[in-house]
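A look at the structure
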Amino acid sequence: DLQGGSTFVCATSGGGMSMTRRMAAELCIGFMMVDKMRLKGGGKGELKVMSSEPPESVQRVIIVDDIFDTCGSLAEVCRALRAFAPQAKLYGVASHGYFSANAPVLIKDLV
């Protein structure tokens, strides 16, 4: 059941935002995004979860990306979402799955 206000689609970057917003509208569910923000010039980027709803209301998150290649970004986003809403079930969808390098190991570690 995707309805009820506790399911969200999550964009993994600003580039996938329009596709993910469209998906949220078509499914009548919430929208959130995880984006890399640099707090200091030249510093390491930190992932920030941006959601209009508080973490305790998030029960399911569908992470949307264009491709799962090494799955490094997927793993980072999952960790950020897990820290934000530890009770949420996470799902990942992409239009292309390539799964190169250590992608299978990363995915196994996330499950």
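See the structure above.
Take the packing of aromatic side chains next. Evaluated as defined, the whole model comprises zero aromatic pairs. Arg 21 extends its terminal NZ or CZ atom over the ring of Phe 31, reaching a point 4.3 Å from the ring centre.

Here we take up the pattern of salt bridges. Evaluated as defined, the whole model comprises one salt bridge. Here Lys 48 and Glu 46 are joined by a salt bridge, their closest N and O atoms 3.1 Å apart. You can call Lys 48 partly exposed: its relative accessible area is 30%.

Looking now at the sheet that holds strand β2 (residues 30–37). Spatially, five strands are ordered β3-β2-β1-β4-β5 in an open sheet, and the strand pairing comes out mixed. The open sheet terminates on both sides in strands that have one partner only, identified here as β3 (46–51) and β5 (89–97). Direction aside, the axes of adjacent strands within the sheet are offset by 25° on average. Bridging between strand β1 (residues 7–11) and β2 involves four bridges; their strand directions are parallel. When the bridges of β2 are listed, Ala 11 appears paired with Met 33. The sheet contacts of helix α2 (residues 72–84) involve β1, β2, β3, β4 (60–68) and β5, and relative to β3 the element is tilted by about 55°.

Each value, and the rule that gives it
- Residues numbered from 1 in each chain as written.
- Predicted model: local features only at pLDDT ≥ 70, side-chain atom pairs only at ≥ 80, totals over all residues.
- Heavy atoms only, no water.
- Phe/Tyr/Trp six-rings, centres within 6.5 Å; stacked < 30°, edge-to-face > 60°.
- Lys NZ or Arg CZ within 6 Å of the ring centre and 35° of its normal.
- Salt bridge = Lys/Arg side-chain N within 4 Å of Asp/Glu carboxyl O.
- Buried < 20%, exposed > 50% of the residue type's maximum accessible area, 1.4 Å probe, protein only.
- Pairing = 2+ DSSP bridges.
- Helix = DSSP H or I, 4+ residues; strand = E, 2+ residues; numbered from the N terminus.
- Axes fitted to C-alpha atoms, helices over the stretch in contact; angles between N-to-C directions.
- Contact = heavy atoms within 4.5 Å.

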